[in-house]
Amino acid sequence: LTPLAEVVAEFNQHNTHQLQIADPELGQQTFGGSFRADNYDVFVQLLEQRFGVVAERMPGRTILRRVR
């Protein structure tokens, strides 16, 4: 299992569109599995659908937050 902050750092190395974690606790949540590093949007959709994450999409970046 890998903390989301590390997963996001890996995605950000491979994409011009950057993911940003707004909630430090969310960054510590661990995840397992494998994802294509060049397809951040599928990963973000998975986070929204299964892990209680809200994604705020804007040009050039997506901000990830926990659902409150």
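Within each chain, residues carry numbers counting from 1 in the order of the written sequence. Local features are withheld for residues below a pLDDT of 70 in this predicted model, meaning they are given only at 70 or higher, and side-chain atom pairs are given and counted only at 80 or more; totals for whole chains, interfaces and linings count all residues. With hydrogens and water excluded, all non-hydrogen atoms of the structure serve as input to the side-chain values.

1. Describing the overall build of the chain
Check the secondary structure of the chain and you find three helices and five strands. Numbering of helices and strands starts at the N terminus; helices are DSSP runs of H or I of at least 4 residues and strands are runs of E of at least 2. Along its sequence from the N terminus, the chain presents helices and strands in the succession β-α-β-α-β-α-β-β. Relative to the globule expectation of 11 Å for 68 residues, the C-alpha radius of gyration of the chain, 11 Å, shows essentially globular dimensions. Here the C-alpha coordinates of the chain stretch approximately 30 × 25 × 20 Å along the principal axes. Classification of the 68 residues of the chain by burial places 31% in the buried group. The long-range share in the chain, meaning contacts at least 24 apart out of those at least 6 apart in sequence, stands at 51%. Note on method: radius of gyration uses C-alpha positions; expected globular size equals 2.2 Å times residues raised to 0.38. Only protein chains enter the area calculation, which uses a 1.4 Å probe; residues under 20% of their type maximum are buried, those over 50% are exposed, and those in between are partly exposed. The contact criterion used is simple: two residues touch if any of their non-hydrogen atoms lie within 4.5 Å.

2. Some thoughts on the nonpolar core
Counting 14 residues, the largest nonpolar core has L4, F11, L19, F43, V44, L47 and L64 as its most contacted members. Listing elements by their share of this core, those giving two or more residues are α1 (4-14), α3 (40-50) and β4 (53-58). With sequence-adjacent residues up to four places away left out, L19 is seen in contact with V8, F11, N12, Y40, F43, V44 and T62. Nonpolar cores were defined as sets of buried Ala, Val, Leu, Ile, Met, Phe, Trp, Tyr and Cys residues, with membership established by side-chain atoms within 4.5 Å.

3. So, the packing of aromatic side chains
Centres within 6.5 Å make a pair out of two Phe, Tyr or Trp rings, where for Trp the six-membered ring is used; the pair is then stacked when the planes are under 30 degrees apart, edge-to-face when over 60, and tilted otherwise. Enumeration according to the criterion identifies three aromatic pairs in this entry. With centroids separated by 4.7 Å and ring planes inclined at 20 degrees, the aromatic side chains of F11 and F43 adopt a geometry described as stacked. Residue F11 is located in helix α1, and its partner F43 is located in helix α3; the two are separated by 32 residues in the primary sequence. Taking the relative accessible area as the measure of exposure, F11 reaches 4% and is therefore buried. Classification of F43 as buried rests on a relative accessible area of 1%. With 4.8 Å between their ring centres and 80 degrees between their planes, F31 and F51 make a pair best called edge-to-face. With F31 in strand β3 (residues 30-31) and F51 in the loop between α3 and β4, the pair connects residues that are 20 residues apart, well separated along the chain. Residue classification places F51 among the partly exposed residues on the basis of a relative accessible area of 35%.

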